[in-house]
Each structure stands twice: as C-alpha cells, then as structure tokens.
Amino acid sequence: MNPGHVGLVALRARHTELRAQAVAAYRKHLRAEALLSALRRIADELLDELTRLFPIPEGAALAAVGGYGRGELYPHSDIDILILLERAPDAPERDRIEALIAAMWDVGLEPGHSVRTLEECRDEAAGDITVQTSLLEARRLTGSKTLFGRLQDQMHADLDPQAFFLAKRAEMQQRHARHQDTPYALEPNCKEAPGGLRDLQVLLWLARAAGLGSSWPQVARTDLLTAAEFRALRRAELAFKRLRVELHLLTGRREDRVLFDLQPQLATLYGFEPQANRLASELLMQRYYWAARVVCQMNRLLMQSLEETIFPQPPAAAQAIDEHFCVRRQRLCLVREDGFERNPALLLRVFLVMQEHPELQGMSASLLRAIWHARRLIDKQFRENPVNRHQFIQILRQPRGIVHALRDMTMLNILPRYLPVFRRIVGQMQHDLFHVYTVDQHILTVVRNLRRFTMPEHAQEYPLASQLIADLDRHWLLYIAALFHDIAKGRGGDHSALGASEVRKFAIAHSLGSEDTNLLEFLVREHLTMSQVAQKRDLSDPQVIHDFAIRVGSQRALAALYLLTVADIRGTSPKVWNAWKGKLLESLYHQTLAALGGERPDTHTILTQRKEAAAAEIRRMGLRDESRDAFWSQLDVAYFLRHDANEIAWHTRHLYHRGEGAEPVVKARVVGQNEALQILAYAPDRDDLFVTICAYFDTHGLSVQDARIHTTHQGWALDSFIVLLPDHEKDYRSHATLVEHELRDELAGAGIRRPGRRAAGMPGSRRSRAFPIMPSVTLQADENHRSWRLQVTTADRVGLLHDLAQVFARHGIDLKMAKIMTLGDRVEDIFILEGEALDLPRGQMRFERDVLDVLGGQAPRAVPEV
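Quick caveat, the model's predicted, so the values are computed rather than measured.

**A look at the overall build of the protein chain**
Next, step 1: Counting its secondary structure elements, the protein chain contains 39 helices and 16 strands.
Next, step 2: Counting only C-alpha atoms, the protein chain reaches 100 × 85 × 50 Å along its principal axes.
Next, step 3: Sequence-distant contacts, at least 24 apart, represent 70% of the contacts inside the protein chain between residues at least 6 apart.
Next, step 4: Between the averaged position of the 110 positive side-chain charges in the protein chain and that of its 111 negative side-chain charges there is a distance of 5 Å.

**Here we look at the side chain of Thr712**
Next, step 1: For Thr712, the location among the structural elements is in the loop between β10 (703–711) and β11 (716–724).
Next, step 2: Excluding residues within four positions of it along the chain, Thr712 makes contact with Gln634, Leu635 and Tyr682.

**Concerning the pattern of salt bridges**
Next, step 1: Per the stated rule, a full pass over the model turns up 57 salt bridges.
Next, step 2: The salt bridge involving Asp199 is made with Arg175; its shortest N-O contact spans 2.8 Å. Separated by 24 residues along the polypeptide, Asp199 in helix α9 (residues 197–209) and Arg175 in helix α8 (residues 161–178) bring together distant segments of the chain. One exposure class covers both Asp199 and Arg175, and it is buried.
Next, step 3: Between Asp256 and Arg244 there is a salt bridge, with its nearest N and O atoms 2.8 Å apart. Here the residue Asp256 occupies a position in the loop between α11 (227–251) and α12 (263–270), and Arg244 occupies one in helix α11, the gap between them amounting to twelve residues.
Next, step 4: The buried category is assigned to Asp256, whose relative accessible area is 10%.
Next, step 5: Here the salt bridges share partners, and the residues they tie into one network are Glu33, Arg70, Glu72, Glu137, Arg234, Glu237 and Lys241.

**Comments concerning the nonpolar core**
Next, step 1: The biggest cluster of nonpolar side chains holds 256 residues, and the ones touching the most others in it are Leu50, Ile480 and Phe831.
Next, step 2: Among the elements that make up this core, the one with the highest residue count is helix α13 (residues 280–310) (15 residues).
Next, step 3: Dropping the residues within four chain positions of it, Phe831 is found in contact with Trp788, Arg789, Leu790, Val792, Leu801, Leu804, Phe808, Leu815, Met817, Ala818 and Ile820.

**Observations regarding the environment of Asp625**
Next, step 1: Structurally, Asp625 can be placed in helix α32 (residues 625–632).
Next, step 2: On a C-alpha basis, the gap between Asp625 and Thr133 in space is 79 Å, while along the polypeptide they are 492 residues apart.
Next, step 3: At 3.3 Å, the side chain of Asp625 forms a polar contact with the side chain of Arg619.

**A look at the sheet that holds strand β1 (residues 61–64)**
Next, step 1: Strand order across the open sheet formed by four strands is β3-β2-β1-β4, with mixed pairing between neighbours. Two strands bound the open sheet, and with one partner strand each, they are β3 (111–117) and β4 (139–143). Mean inter-strand twist for the sheet, computed between neighbouring axes without regard to direction, equals 25°.
Next, step 2: The sheet contact formed by strand β2 (residues 79–85) and β3 spans seven bridges and is parallel.

**Focus: the packing of helix α2 (residues 32–53) against α11**
When two helices pack together, their arrangement is captured by the angle between the axes and the distance separating the axes.
Next, step 1: Packing of α2 against α11 brings their axes to within 9 Å, and their N-to-C directions diverge by 60°. Taken together, the axis directions place α2 and α11 in an arrangement best described as oblique. When α2 is examined against α11, the residues Ala32, Glu33, Leu35 and Leu36 are found in contact with a partner set consisting of Arg234, Glu237, Leu238, Lys241, Arg242 and Val245.
Next, step 2: Each residue belonging to the contact of α2 with α11 can be placed in one class, and the counts come to five nonpolar, no polar and five charged.

**A few points about the confidence of the model for the protein chain**
Next, step 1: For the protein chain, per-residue confidence averages 89 on the pLDDT scale, and residues scoring 70 or more make up 93% of the total.
Next, step 2: For the protein chain, helix α37 (residues 766–770) is the element with the lowest average pLDDT, namely 57, and helix α24 (residues 477–484) is the one with the highest, namely 98.
Next, step 3: Segment residues 750–763 is flagged for pLDDT under 50; beyond a separation of four residues in sequence, or across chains, it makes 46 contacts in the model.

**Brief notes about helix α34 (residues 645–655)**
Next, step 1: Burial runs high along α34: nine of the eleven residues are buried.
Next, step 2: Every buried residue of α34 is accounted for by Ala645, Glu647, Ile648, Ala649, Trp650, His651, Thr652, His654 and Leu655.
Next, step 3: If you check the start of α34, you find a side-chain oxygen 3.2 Å away from the backbone N of Asn646, and it comes from Asp644.

**Some points on unusual backbone geometry**
Next, step 1: A positive phi angle is found at Leu30, which is not glycine, with a value near 55°.
Next, step 2: Mapped onto the secondary structure, Leu30 falls in the loop between α1 (3–29) and α2.
Next, step 3: One non-glycine residue, Asp181, lies in positive phi territory at about 55°.
Next, step 4: On the secondary structure map, Asp181 appears in the loop between α8 and α9.

**Digging into the packing of aromatic side chains**
Next, step 1: Tallied over the full model, the rule gives 18 aromatic pairs.
Next, step 2: Taking 6.0 Å as the distance between ring centres and 75° as the angle between the ring planes, the aromatic pair formed by Phe392 and Phe506 counts as edge-to-face. In this pair, Phe392 sits in helix α18 (residues 386–397) while Phe506 sits in helix α25 (residues 495–509), placing the two residues 114 residues apart along the sequence. Summarising the burial analysis for this pair, Phe392 and Phe506 share the class buried.
Next, step 3: Each residue in the set Phe382, Phe392, Tyr418, Phe484 and Phe506 is aromatic and connected to the rest through ring pairs, giving one cluster.
Next, step 4: In this structure, Arg139 packs its charged tip against the face of Tyr68, placed 5.2 Å from the ring centre.

**Here we look at the side chain of Ser720**
Next, step 1: As for its position among the elements, Ser720 is in strand β11.
Next, step 2: Of the residues examined, Ser720 reaches a relative accessible area of 3% and is grouped as buried.
Next, step 3: The contact partners of Ser720, leaving out residues within four places of it in the chain, are His643, His651, Gln678, Ile679, Asp706, Ala707 and Arg708.

**Considering the sheet that holds strand β7 (residues 331–334)**
Hydrogen bonds along the backbone pair up the strands of a sheet, which may run parallel or antiparallel.
Next, step 1: Spatial ordering of the open sheet is given by β5-β6-β7, a layout of three strands whose pairing is antiparallel. Strands at the two margins of the open sheet, each flanked by one partner only, are β5 (319–320) and β7.
Next, step 2: Direction of pairing for strand β6 (residues 325–328) relative to β7: antiparallel, over a ladder of four bridges. Looking across to β7, one finds that Arg328 is bridged to Arg331.
Next, step 3: Set on the sheet, helix α15 (residues 346–356) makes contact with β6 and β7; between it and β6 the angle comes to about 45°.

**Here we look at the pairing of β11**
If a strand is regular, its side chains alternate between the two faces of the sheet.
Next, step 1: Burial runs high along β11: nine of the nine residues are buried.
Next, step 2: Side-chain alternation along β11 places Trp716, Leu718, Ser720, Ile722 and Leu724 on one buried face and Ala717, Asp719, Phe721 and Val723 on a second face that is also buried.
Next, step 3: Pairing analysis gives eight bridges linking strand β9 (residues 676–684) to β11, with the strands arranged antiparallel. Note that in β11 the partner of Ala681 across the bridge is Asp719.
Next, step 4: Pairing of β10 with β11, which is carried by eight bridges, proceeds in the antiparallel orientation.

**A few points about helix α6 (residues 129–136)**
Next, step 1: With seven of eight residues buried, α6 is to be regarded as a mostly interior element.
Next, step 2: Taken together, the buried positions of α6 are occupied by Ile129, Val131, Gln132, Thr133, Ser134, Leu135 and Leu136.
Next, step 3: One side-chain oxygen of the residue at the start of α6 lies 2.8 Å from the amide nitrogen of Thr130, identifying that residue as Asp128.

**Thoughts on the environment of Lys536**
Next, step 1: Checked against the element boundaries, Lys536 lands in helix α27 (residues 529–536).
Next, step 2: Not counting residues up to four positions away in its chain, the partners in contact with Lys536 are Arg789, Gln791, Lys819, Met821, Glu828 and Ile830.

**Looking at the state of the cysteines**
Next, step 1: A complete count under the given rule lists zero disulfides for this structure.
Next, step 2: Here Cys190 stays unpaired: no disulfide links it, and the sulfur of Cys296, its closest cysteine neighbor, is 14 Å away.
Next, step 3: Summary of cysteine pairing: Cys333 is not part of a disulfide, and the nearest cysteine sulfur, belonging to Cys326, is at 5.0 Å.
Next, step 4: According to the relative accessible area criterion, Cys333 is buried, its value standing at 6%.

Calculation rules
Residues numbered from 1 in each chain as written. Predicted model: local features only at pLDDT ≥ 70, side-chain atom pairs only at ≥ 80, totals over all residues. Heavy atoms only, no water. Helix = DSSP H or I, 4+ residues; strand = E, 2+ residues; numbered from the N terminus. Contact = heavy atoms within 4.5 Å. Lys, Arg positive; Asp, Glu negative; His and termini not counted. Charge placed at Lys NZ, Arg CZ, Asp CG, Glu CD. Salt bridge = Lys/Arg side-chain N within 4 Å of Asp/Glu carboxyl O. Buried < 20%, exposed > 50% of the residue type's maximum accessible area, 1.4 Å probe, protein only. Core = buried A, V, L, I, M, F, W, Y, C linked by side-chain atoms within 4.5 Å. Polar contact = N/O pair within 3.5 Å; in protein donor to acceptor, adjacent residues only side chain to side chain. Pairing = 2+ DSSP bridges. Axes fitted to C-alpha atoms, helices over the stretch in contact; angles between N-to-C directions. Parallel < 35°, antiparallel > 145°, perpendicular 65-115°, else oblique. Nonpolar A, V, L, I, M, F, W, Y, C, P; charged D, E, K, R; others polar. pLDDT = per-residue confidence, 0-100. Phe/Tyr/Trp six-rings, centres within 6.5 Å; stacked < 30°, edge-to-face > 60°. Lys NZ or Arg CZ within 6 Å of the ring centre and 35° of its normal. Disulfide = S-S within 2.5 Å.

So this is what it looks like as structure tokens:
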C-alpha cells in the first residue's frame, strides 16, 4: 500500500477524533468561541502535517483567509486558503499544488482555495471588495514569511479607508436587499440577514480600516463604543455564534438559515418550554429577533459614527431648530447632550422634528446614541403625560414620514416602550401558513400600505383605495387601527376582540372623541370580516349583502374597513393578494354601499335587472331575442343570481346555438388587466365531469379561485371557473387559447387525467410540514335543507381540489358552487352541495370522514355499498 495513502488515512482518523473531542467539550460548556478556536487549531495542525507530506512550491506561502483567517472555523464551514506565489507556477509546481488540494479532500477538509501571485492578489483586490476584505484578514500558516509580509504590506498600502467604507456600505445594502431589508424574516439567515453576524463583521472591518482596532475589546477602548454598547454587542455576537454552531451541528452541513423544521429542535436544545399560547419555537425566535434588533441598532449607530470618523469634516456652525434641537452637516442633533434626561418628552418630539424637516439627511450618530441610552426613561409616568400622548397622535397625523418614524421608533425601542401591548408582539411569529412577517413587522407593513393609498404615485395601482382615503375624514385613524388590529396575537382567545378592547383604552387615554373611538373599535374587531364575506360567501345573494351592510352600519365605516382590509391582506405575504381577491372586495364594497344608501332589492328585482342588462348587451352583439330566450329557458333562477350581466351575455353568445348531440364547448377569456382567466365549460353532465376538469387544472398548475356549477334542464353542465396561472407565468392570453383546445379535448374523451405534480399523500411546503394545521370539516344544511354548505380548512397542496372532487363524485354529490380561498399555504374553501347521500346521518358521517381523509393526505377511498 502507498505510504502516503496510509498517512492520509491516519490523518483523517486523527482529524475526526479531534473534532469530536472539540464538539464534546462544547456540549459540556456551550462556549461557541472556544469551539471555533479549537476547530481552527485542529485545521492548522492538519494543514501543517499535510504540507510536510505534500510540500507547496519553493518560496510560496500558504495562508488562511476569510473567516478561517480571522481564526474562526464553524463545524461545516469551508477551509478558505490562499497559495501565494512569487510568480506563475510551472507544470511541476501545479502538480504539487493539485496534490495538496486533493490530499485536503482525502483527509476530510473542504477547501475553498485560490492560487495567486502578489500581482494577481493586488489586481483582484482592486476590482472586488470581497477579495480585498478576505486578503486583509489573511493569516500565514506556513511557507515564506517574506512573501506573506509583502502581501500584508501591499494590502495595507492599497487600503483607502474612504473608498473601503463606501464599497462595504454598498455591499451591505445589497446584501440587506437580498433579505428583504428586514431581520424579521420567519426563516432568517443568522449570518447574512440584517442584524446577523455579517453586520457585526462589517463594523469590525471598517473599524480596522479606520485604525480603531480589529476586535471588539480594542474598539471598546476608543470613543466609538460606550461600555453599555460594547456589552450589548458582545451578548448579541456570542448568541449568534452559538446559533450558527448549533445549526451546523444539527444539520451536519453548512446551514445558516433558521429553517422552520429546525426551529422546534433548536428550542429544545436551548431549553425553551412551550407556554399556554406560545410554542417553544416561537419563544426561541422572539429571542432571536430581539438580538437581531440590537445588532441593527448598533449597526446603524456605529456605521454613522464610523462615517463621521473616516470622513472628517471641519467644524460647522449649528443651525438652531428650537431650544432643544439643531442641525449640523444636514443631520439633526441635540443642543445639549443631556437633553433627554432633562426633558424626556423630547424622545417623541425628535421624531416629529424629523417629519417636519424632510430636508434633513437623518439623525447624527450622537443623537441616535442618546435616544438608545435614554429609552428606559419611557415609563408609566411618561406614557400618562398628556404632552406625550398629544405628540404621539401628532406623529400619526403628519403629512409625511409616518412609516419612517414608526420604523425608527420600533428599531430604537421607543414604540415598544410607549405601547407596552406592542412590545409583547415584537418578534412574535405567526404560524398560520400565510403571514411571512412577524406580527410587529406585519403591522408596520399594513401602515405602509395605508400610507401608499394617500400617495399620487400609487393611485394607478390602488384606484378605489386612493379615491376612498382622499374622501375619508380623519383618515389618520386608520394608522391607529393598523397598529392595533393584530396587537393581541399570541395571547389566546379572539385576537380581534382583545385588540378592540386595547384600542378602545388607547383612544380614551389619548382623548379621541366617541365617534372616532367607536370607529377604531369597530375596525379592529371586524378587520377580518370583509375578507371572509368576500371570499367565503355568495355575493350574488341579497341577504348576504344586507347582513353585511347591517354589520357595517355606515358609509364611513365601510370605506375605512375596505381600506384596512386591502392593506392587511397585501401586508401578509406577496403570494396572498391577487387581482381576483381585489375584485371580490371591490364588488362587496359597491354592493354594500348601495345597500347602505337605502337599496334593498329582493331576489325578483335583482333577477329582472340582471336579465335586462344581459339582454341589452346581447342585442349589441347582434343576437336575436328568440335565440337568447330559447337558451335562457334551459336555465334556472340560481344561474342568473350567481352570474353578473356580462357573464350571462358571454355564456349566451357562445352557447345559444348548441343543441343536443353537440360537442363540449370550452371558452376562456382574460379577466381585467391580465389578472385571471375565466373559463366556461359546457358538456353533457356526468358523474366524473368535475373530477376531470379539476385534474386538468392540477396538471397545468392552474389555481381555482371560484367555481360556479350549473346543470341545464336538458342535462348539460354549465360550469364557470376563475383560475390563476402559476407564479412564474403571466401570459393569460396565450393560455386562454391553450385551455380552450386542451380542456375541450379532455371533456370529449372518457379518461380522467391525474394531477401531473403532487397528489394525495405527498407533502406540502416545508413550512406546512414544520407547523401543520389540523384539518377541519364543517357540514351544515341550509334553512330549507335543499343544499349543504361544506367548509374545509387545511394546508394547501397540489391535487387537493381534484381529490375532493373525487370524493364528491363517489358519494353521488353534486357541486353547485365553490369559493376557494388560498392564504399562502393554507386553504379555507366553501362548497355548496346537493345529493341524496347527505339526507341521512350515516351518509353525512361517511362523507365527512372521507373528506377528512383527503385533507389529511390520504387517497380518496371507494364508497362502500349500503
């Protein structure tokens, strides 16, 4: 056997043993930095042994770079090394380098290597800030001290602190943008996301460039950090280092994301216990977000301090704003350093001043530091001070800067201290499968959405909302409603009712009038109602509109609820809002507005009006009344009540001449401005028809939003669907033509196409697996016991509607209408059903059991004979 191979086997075994010992020592004491240093030493010693067996070229140097160069090596991080050469290698030298790299892999190291000359290092560092940063942290392992010393001299000579600062700041901003500029993602990256380890490293790199030190203890001895700030940073740094270590050990790979399926395991490792209304993983993540917020606070403060250090300016005269605040170099400053201690009310006044002076470029580093240190002055006495209550309301009433002020107040811990109920939901996760933000960030996003309704540049995107908010008296009340609409999440019970109680107390404490107090209480209590009615109820039913109008009570309340609802839905997740939901909400708004204006047409009146409007449109198409009436005679009253005049005219145009024995008809058209696809399917009715259509939709990734199912007096099915294309598809017009041909051919055949992607029993998203929701089924008869209302709630998956359709078909149940509501990974669907199987309790139980089986992921079963 090759002696070199024997040596590598022994080295690999020794390496594995030493790493296991280091991890065991970590498990005993839980000191992350000790583990990182131990792993670095083990790698150093192993590389020293390897270079004895596989020497680097004569005169070269081997250096650790990146995190390994800093002396930190996480359990599954790459070993970043630089082989530094005096000149380009010849063939034998390349062979020696390749042998060393191969040996590193053989002994269990995972190298990230580069081979460069001094000149190449200089050129690449000049064009790539990441390379420059990595080389600045280079640490010699073996080889030529002289050559490595020349590299260090060269890198420091080429370092321009000002250019380095601008490049690192731009790099950080780009990195933050890739992580949605928030530390509050539900699956944050503890290394790269805002508030993570990389933000701390950037500060140290810049401090080093400014000559202030290369470690936090060194930086703490300068004027850049106070003792309290140093302690806060170190606590956060140690917390994130341990978290990253645990992620690597838990997954056995380089994993820096706090994924949903890892959060419960991490909570157990950290010793968190579930509480009455909180999962252990929620408590873990709230601690994470609190630490990330501290890093974000310090990052903002220190980046500004470093900028002022690296870009020194000549002394500038202060321009007074008032007796408390002044402006220096276009940034807001305190006149007196102890201004907040002397007058704590300035902790709110400072944000008002920023709103009133949009020309300012921000707050000075000294002002940010003073706010952070004075945050504990906000106590019960502060909150009850009428001056402070008035100032808080004024912040919400300003014509500009409201969202920016609230975000700054949250980040600097002012808003959570002024509103203790808000503090409880800072970093509170939401495991409802559709919110993608923590509760506090969702709330601020809803406020941002409401603010956009007031801005002319967004009027084209939100035409109705922009019109309504412009006409709404004291529209700033909506910002209060937004702050409180989810403020009781995580307490248990009905968060809407609890939040309504909280906002009432707030309104009374802040001297709002009874009319405004009642409106706020209504908005928070009912903030889910309009969405539920629009998406779950039949808006063609006059009684539904009448009941909703009674519940709303006034046109002002209706407008305000519509605005809050749209802002709320759009603030949950980019995937939750779509044009079809927007159309449903607008339709509910307009119908309710008419009802509040005194209109309460009965079914006969609505039927007459709808037929007259449809007939007028059909005449404009050139169709004779006799042909129209012949087709309409095949349809029942329910059809006309469940479709608007335009849909009736569209159906009639394509179907009036279709007689018995004709081929199936499929027509599709684009809804709105490329917002959805409306599909008409007309074919002889059969038991598996709906199953066949759903199978086609699943195969092509079409998401059903609404289904209206009818059977003519001649036994033909007239089904209408609203569907959305997959997220990556936007060309509805070309898909309309495709659907017309393919679905028609499918209906003309007898086979049933199974879903082409994921069907029953297959897992849903990672999030739905980590935080499963209990499937629920509710079956209720209508007042006349002629139809049944089935409501199902479960995690979404491809093939779900198809599997439910199979259950309907096997039980001989006819679907009359479906309202499909998809909220991220959660579905809440309503089906109106008819069928003899539901007339007997035994049949109902079997049907509900089979529906539950499908919701739980089981394939539809055959119905046993009775």
